[in-house]
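Structural overview
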Amino acid sequence: MTTKIQTVLLTGKTHTTASRREGAPRGDERVDIQLSIPGKAGNEIEFNAIQMHPTAEQLFAGAWSACYTGALGLVAKTKKVTLPTDMSVDIEVDLGMTGAAYFIQARIDVRMPGVAPEVADAIARAAHNVCPYSKAVHGNIDVVTSVVSTDAVAV
């Protein structure tokens, strides 16, 4: 059973893309995490911090986002679905209080443009069973996962 936060004190945000596009928007402009595929050339991970010390919530959201994005790829591969190059994951981790106790909670927004909504939703939900971060927090913190903007609507 998880505890709902009554008062949010701060939020760490990340925006993770599946590709290394120049000029891609960054979460809250405090931590820029560039990811690549392990075992491939250029697999370095960069943390370019605007503030001297990123918050624990930002770092946790960034690490979780990296892991979860990889899990999305693994699940999609098993379902024989090609993920779009403009797929992205936004994770927000809140630090808050209920009474005198501190807690964290998270929101995950997954974008898979061009992937049928029900397929994108199935991949996003199944990725939580693969991602070690998702497994670690399961049942311990409140997590809301949403699949947004998955299909462009023709006008």
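Attention here is on the structure that accompanies the text. Along each chain, numbering runs from 1 in the same order as the chain's sequence is written. In keeping with the predicted nature of the model, local features appear solely for residues at pLDDT of at least 70, side-chain atom pairs appear and are counted solely at 80 or more, and the whole-chain, interface and lining totals rest on all residues. Side-chain metrics rest on all non-hydrogen atoms present in the structure, leaving aside hydrogens and water.

Some remarks on the overall build of the protein chain
Tallying secondary structure elements over the protein chain gives three helices and six strands in all. Counting all 155 residues of the protein chain, 32% fall into the buried class. Within the protein chain, contacts between residues at least 6 apart in sequence are counted, and of these 67% link residues at least 24 apart. For the protein chain, the accessible surface area stands at approximately 9000 Å², while carbon and sulfur atoms represent 57% of it. Numbered from the N terminus, helices here are DSSP runs of H or I no shorter than four residues, and strands are runs of E no shorter than two. For every residue, the accessible area obtained with a 1.4 Å probe (protein chains only) is divided by the maximum for its type, and the residue is called buried under 20%, exposed over 50%, and partly exposed between those limits. In this analysis, two residues are considered to be in contact whenever any of their non-hydrogen atoms come within 4.5 Å of each other. Note that accessible areas follow from Shrake-Rupley with a 1.4 Å probe, and for residues the cover is restricted to the protein chains shown.

Observations regarding the nonpolar core
Here, the term nonpolar core denotes a set of buried Ala, Val, Leu, Ile, Met, Phe, Trp, Tyr and Cys residues that are joined through side-chain atoms within 4.5 Å. Counting residues in each nonpolar core, the largest one holds 23 residues, and the members touching the most others are Trp-64, Tyr-68, Leu-72, Ile-91, Ile-108, Val-110 and Met-112. Those elements that provide at least two residues to this core are α1 (56-78), β4 (88-98), β5 (101-111) and α2 (117-127). The element contributing the most residues to this core is α1, with seven residues. Contact partners of Ile-108, with chain neighbours within four places excluded, come to Trp-64, Tyr-68, Val-89, Asp-90, Ile-91, His-128, Val-143, Val-144, Thr-145 and Ser-146.

Some thoughts on the side chain of His-128
Among the secondary structure elements, His-128 is positioned in the loop between α2 and α3 (132-137). In this structure His-128 comes out as buried when scored by relative accessible area, which is 17%. The residues touching His-128, leaving out its near neighbours within four places in the chain, are Tyr-68, Ile-108, Ser-134, Lys-135 and Thr-145.

Quick notes on the side chain of Thr-98
Structurally, Thr-98 is set in strand β4. With sequence-adjacent residues up to four places away left out, Thr-98 is seen in contact with Thr-3, Lys-4, Ile-5, Gln-6 and Phe-103.

Digging into α1
An expected span of 1.5 Å times one less than the residue number is assigned to each helix. An ideal rise of 1.5 Å per residue puts 33 Å on 23 residues; α1 measures up with 33 Å between its terminal C-alpha atoms. Along α1, the residues that are buried comprise Glu-57, Gln-58, Ala-61, Gly-62, Trp-64, Ser-65, Tyr-68, Thr-69, Ala-71, Leu-72, Val-75 and Ala-76. The positive-phi residue at the C-terminal boundary of α1 is Lys-80, with phi of around 60 degrees.

A closer look at the pairing of β5
Examined bridge by bridge, β4 and β5 share eleven bridges and lie antiparallel to one another. Along β5, the bridge assignment pairs Glu-92 with Arg-107. Between the antiparallel neighbours β4 and β5 lie two residues, among them Gly-99 with a positive phi of about 65 degrees. For two strands to pair, DSSP has to find at least two bridges joining them. Sheet topology note: the β5/strand β6 (residues 142-147) ladder contains six bridges and is parallel. Its bridge partner lying in β6, Ala-106 is registered against Val-143.

Some details on the pattern of salt bridges
One side-chain nitrogen of Lys or Arg within 4 Å of one carboxyl oxygen of Asp or Glu is enough to make a salt bridge. The final tally for this structure, using the stated rule, is five salt bridges. Here Arg-111 makes a salt bridge to Asp-90, at a shortest N to O gap of 2.5 Å. You can see Arg-111 sitting in strand β5 and its partner Asp-90 sitting in strand β4, a full 21 residues away along the chain. Overall, Asp-90 belongs to the buried group, its relative accessible area being 18%. The salt bridge partner of Arg-107 is Asp-94, with a shortest N-O separation of 2.5 Å. You can see Arg-107 sitting in strand β5 and its partner Asp-94 sitting in strand β4, a full 13 residues away along the chain. Looking at Asp-94, the relative accessible area reads 2%, which means it is buried. Within the structure, one salt-bridge network assembled from shared partners comprises Glu-92, Asp-94 and Arg-107.

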